[in-house]
Amino acid sequence: MKLGLAAWHRYMISGDIALLDELVADDAVFHSPVVHTPQAGREKVLMYLTAAGQVFGNGTFRYVRELVDGPEACLEFECEMDDVRVNGIDLIRFDLEGRIVDFKVMVRPLKAINKVWQLMAERLENT
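Predicted model, so just to flag it, every value in this text is computed and none were measured.

Caption draft 1: Here's a closer look at the environment of Met81. Relative to the helices and strands, Met81 resides in strand E4 (residues 72–81). Looking at Met81, the relative accessible area reads 1%, which means it is buried. In sequence terms Met81 and Val116 are 35 residues apart; their C-alpha atoms lie 8.0 Å from each other. The contact partners of Met81, leaving out residues within four places of it in the chain, are Val55, Phe56, Asn58, Val86, Lys115, Val116 and Leu119.

Structure, rendered in structure tokens:
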């Protein structure tokens with residue numbers, strides 16, 4: 001798990017899609033703060049995480065707290081999007097090989113959720 005979390009941090013710093021590609025398990029599931037149903041399967045998870053990296057990767061994103069318990073990690077983040085302050089968490093579960101098998105994003109406040117929804121919809125339309 002520690003290797004997976006370290007790899008996740010490397011991806012977040014570099015934005016290198018090849019790192020992300022190696023990190024996501026075939027049976028991974030993504031839980032979006034704005035999409036009702038879980039998005040299952042490696043390709044969908046990669047699509048959502050890549051779009052999120054583009055939306056959140058605006059130079060203001062930073063993790064401010066990290067809680068780790070076995071294969072689970074809860075990473076609190078902050079950033080700004082078009083003058084909207086965003087606060088949220090990435091809740092990640094890794095398999096024994098350090099690959100992501102479950103990724104849940106939660107965002108607050110409501111104004112931030114609306115901004116994330118808008119920007120993610122724009123990115124995902126172009127994929």
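Having seen the model, we can carry on.
Caption draft 2: Molecular detail of helix H1 (residues 2–14). Taking 1.5 Å per residue, 13 residues should reach 18 Å; H1 reaches 18 Å between its end C-alpha atoms and fits that length. Within the span of H1, buried status applies to Gly4, Leu5, Ala7, Trp8 and Tyr11. The arc that holds every buried residue of H1, seen down its axis, measures 160 degrees, which confines them to one face. Opposite its buried face, H1 presents the exposed residues Lys2, Leu3 and Ile13, each directed more than 90 degrees away. Where the residues of H1 are buried, they touch helix H2 (17–23), helix H3 (42–56), strand E3 (62–69), E4, strand E5 (84–94) and strand E6 (100–108). Backbone geometry just downstream of H1 places Gly15 in the positive-phi region, at approximately 70 degrees.

Rules used throughout
- Sequence positions are assigned chain by chain, starting from 1 and proceeding in written order.
- Confidence filtering applies because this is a predicted model: local features only for residues at pLDDT of at least 70, side-chain atom pairs given and counted only at 80 or more, and all residues used for totals across whole chains, interfaces and linings.
- The basis for the side-chain values is all heavy atoms of the structure; hydrogens and waters are excluded.
- Here a helix means four or more residues in a row that DSSP labels H or I, a strand means two or more in a row labelled E, and each is numbered from the N terminus.
- Any residue under 20% of the maximum accessible area for its type is buried, any over 50% is exposed, and the rest in between are partly exposed; the area is computed with a 1.4 Å probe on protein chains only.
- Contacts are assigned to residue pairs that have any heavy atoms within 4.5 Å of one another.
- A helix is expected to reach a length of 1.5 Å times the quantity of its residues less one.
- Note that the arc is defined by the directions from the helix axis to the C-beta atoms.

Keep in mind these numbers describe shape, not what the thing actually does.
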